[in-house]
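An overview of the molecular structure
Residue-level listing of the chains:
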Amino acid sequence: MVDERERRVMDLIDTNHREIIDLLRELLAFKTITPGDQPVEHDEFIRHQAFLKQTLTNLGFEEIDVWEADAAKLGAEPGSGVNKNRDLRNMPILVGRLPGAGGGRSLILNGHYDVVPLGLLEAWTRDPFAGEIADGKIYGRGTNDMKGGIAAMLKALDFIARAGFTLDGDILAQIVPDEEASCMGTLAACQRGYTADAAIIPEPTNMRVGTAVRGSMGGKLTVFGRAGHAEQPQPHWTEGGAVNAISKAMRVLEGMAEATEEWRTQPDKQHPLVPPDHIIPTVIRGGEWAVTIPEQVEIEFDCMFVPGTNDKRAEIVEKLDAVCANDPWLRENPPELDLGDPEGWIYPAEVGEDEPIVQTALQSLADVGIQPALMGFGSLTDCVHLINYSEIPTINLGPDIESAHSADEFATVEQLIDLTKTLALSIMRWSGVRESASA
Ligand SMILES: [Zn+2]
């Protein structure tokens, strides 16, 4: 049930919903595309944050902290996903505090402002940075992942204030870079000491409350063969003959597929909200010359795992040993497994359904007229650091995810309005509100 005070905020959002879209369009115009291996050499990220610093100042935020993280100086623990070699220059982090009147619970609102690359430009029928509106949808890179969420969370605070309310608890807004690559923006904010009683990340979740994400570890397998002339008859390998590394790599790839298939139904890999564990080859390199039997193949892979597991190494080694046991060459010449440092892995994370912030969000969704439900991510979000490093109960809650990372990415205007309402209710109920003295 929405009470009389909440109704005032809901009505204000309905009357002025165009402002949510206007703010989103301003954010979309900054081309904050997550960099690859090369550092950022332009000022789009810096100008985006300068714009938001002004926006937050207008909303009454104080102590606005803008800084660039140095990956080499971040604390690295197993499962923290630190990549010391990544260059985070020219991608500032912004954290601001909206001071509460006192006595309420504090809340972090976290959003990443980097967006994935555009992909094939020919696939876009809309300008990726203009925020074109058609048929009730707003188009552009980041509309749902996740500048739409950033616009909704900031406008929620704006409408609460304009309806004549002051929040009791402090609000921390965290606008972070590099979620799409390293998640080190939020990690840096956590390590700088910013904390609260709960956190909400408006990542796209199909308007459900996201409470679980899988962990991630990448790795590389190098499969060895023995070179030889491809067009000459070869003696058996035990007599010095060539061995085709591509053929041997196929055994390893079959082993990966078998492992994923086993985990699909294995009881300890099942989770009510996220898919079971997997290990999937993602990059393959091999062979040296068109008429040379290849002597080496490199297989990079992606491994994801459900909450409850932190270290897949033993399982991967066991599976690899089983593959090698069935092949005399591989038994004598086992592939080299590189799982990187455990500091580079990211552990999974989840919060319980009974956490107060989860219940607050579920009730708020219901009161906006949306069937309340939980969800989990097969991939992960910055919630891993807020949960694992800072031990803050953290949820994800945002618009439909289907068009994320795709051409013609969009969010529906109706959903952005519903999201703003849901966030406003969640913020008011979490923090507590009072009538503003000056209202
Ligand atoms: Zn995202």
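What counts and what doesn't
- Residues numbered from 1 in each chain as written.
- Predicted model: local features only at pLDDT ≥ 70, side-chain atom pairs only at ≥ 80, totals over all residues.
- Helix = DSSP H or I, 4+ residues; strand = E, 2+ residues; numbered from the N terminus.
- Core = buried A, V, L, I, M, F, W, Y, C linked by C-beta atoms within 7 Å.
- Buried ≥ 20, exposed ≤ 12 C-beta atoms within 10 Å, placed from the backbone.
- Domains from an automatic or database assignment.
- Contact = placed C-beta atoms within 7 Å.
- Pairing = 2+ DSSP bridges.
- Axes fitted to C-alpha atoms, helices over the stretch in contact; angles between N-to-C directions.
- Nonpolar A, V, L, I, M, F, W, Y, C, P; charged D, E, K, R; others polar.
- Expected span 1.5 Å × (residues − 1).
- Arc of directions from axis to C-beta.

What follows covers the environment of Asp-87. You can see Asp-87 is positioned in the loop between strand E1 (62–67) and strand E2 (93–98). Sequence separation of Asp-87 and Gly-36 is 51 residues, and the distance between their C-alpha atoms is 9.9 Å.

Let's shift gears to the nonpolar core. Counting 119 residues, the largest nonpolar core has Leu-107, Ala-156, Ile-160, Ala-199, Val-384, Ala-424 and Ile-427 as the members making the most contacts within it. Looking at which domains feed residues into this core, each of domain 1 (4–213 + 349–435) and domain 2 (215–344) supplies at least three. Contacts of Ala-156, omitting those with residues within four sequence positions, involve Thr-420, Leu-423, Ala-424 and Ile-427.

Turning our eyes to something else, we now look at the sheet that holds strand E15 (residues 336–338). As summarised here, the arrangement of the four strands in space is E12-E14-E10-E15, forming an open sheet in which the pairing is antiparallel. The sheet is open, and its two edges are formed by strand E12 (278–286) and E15, each paired on a single side. For this sheet, the mean angle separating the axes of adjacent strands, direction not counted, is 20°. By the bridge criterion, eight bridges tie E12 to strand E14 (residues 296–305) in an arrangement that is antiparallel. Counterpart to Ile-280 in the pairing with E14 is Asp-302. Sitting on the sheet, helix H6 (residues 245–265) is in contact with strand E10 (215–224), E12 and E14, with an inclination near 165° to E12.

Note on placement: Gly-140 falls in the loop between strand E5 (137–139) and helix H4 (147–162). Since 27 C-beta atoms lie within 10 Å of it, Gly-140 is described here as buried. For the pair Gly-140 and Phe-129, spaced 11 residues apart in sequence, the C-alpha to C-alpha distance is 5.5 Å. Once you skip the residues sitting within four places of it in the chain, Gly-140 turns out to touch Leu-28, Arg-126, Pro-128, Phe-129, Ala-130, Gly-131 and Glu-409.

Positionally, Lys-248 belongs in helix H6. A count of 23 C-beta atoms within 10 Å places Lys-248 in the buried class. When neighbours within four sequence positions are excluded, Lys-248 is seen to be in contact with Val-223, Gly-225, Val-243, Trp-329 and Leu-330.

This part takes up the domain arrangement of the protein chain. Splitting the protein chain by domain gives domain 1 (4–213 + 349–435) and domain 2 (215–344). Relative to domain 2, the C-alpha centre of domain 1 lies at a distance of 38 Å. The partner domain 2 presents 11 residues to the 19 residues of domain 1 that form the contact. Of all the secondary-structure elements, those providing two or more residues to the side of domain 1 that touches domain 2 are strand E9 (209–213), strand E16 (349–350) and strand E17 (374–377). For the side of domain 1 that touches domain 2, the element with the most residues is E17, which contributes four residues. Classifying every residue of the side of domain 1 that touches domain 2 by side-chain character gives 10 nonpolar, seven polar and two charged.

Going from Asp-145 to Met-146, the amide bond is cis rather than trans, its omega being -10°. For Met-146, the location among the structural elements is in the loop between E5 and H4. Not every positive phi belongs to a glycine, and Asp-135 is a case in point at roughly 50°. Looking at the secondary structure, you find Asp-135 in the loop between strand E4 (133–134) and E5.

Sheets are built from strands that pair by backbone hydrogen bonding, the pairs being arranged parallel or antiparallel. Spatially, three strands are ordered E4-E5-E19 in an open sheet, and the strand pairing comes out antiparallel. One side of each edge strand has no neighbouring strand; the edge strands of this open sheet are E4 and strand E19 (410–412). Contacts from helix H11 (residues 413–431) reach E5 and E19 within the one sheet, and its direction differs from that of E19 by about 70°.

Our next topic: H11. The end-to-end C-alpha distance of H11 is 27 Å, a good match for the 27 Å that 19 residues give at a rise of 1.5 Å each. Judged by how many residues are buried, H11 sits mostly within the fold: 16 of 19 residues are covered.

Before going further, it helps to examine the pairing of strand E7 (residues 171–176). Across the six residues that make up E7, a large majority, six, are buried. Side-chain alternation along E7 places Ile-171, Ala-173 and Ile-175 on one buried face and Leu-172, Gln-174 and Val-176 on a second face that is also buried. Sheet analysis places E2 next to E7, joined by five bridges and oriented antiparallel. If you follow Leu-98 over to E7, its bridge partner there is Ile-171. Note that strand E3 (residues 107–112) and E7 share six bridges and pair parallel.

Another point: the pairing of E14. Inspection of the sheet shows E10 paired to E14 by 10 bridges, in the antiparallel sense. In the sheet register, Phe-224 faces E14, and the bridge partner there is Gln-296.

For helix H7 (residues 313–325), with 13 residues, the first-to-last C-alpha span of 18 Å sits near the 18 Å given by 1.5 Å per residue. Listed as buried for H7 are Ile-316, Val-323 and Cys-324. The buried residues of H7 occupy one face: seen down the axis, they fall within an arc of 95°. The outward face of H7, more than 90 degrees from its buried face, is lined by the exposed residues Ala-314, Glu-318, Ala-322 and Ala-325. Considering only its buried residues, H7 is in contact with H6, E12, helix H8 (328–332) and E15.

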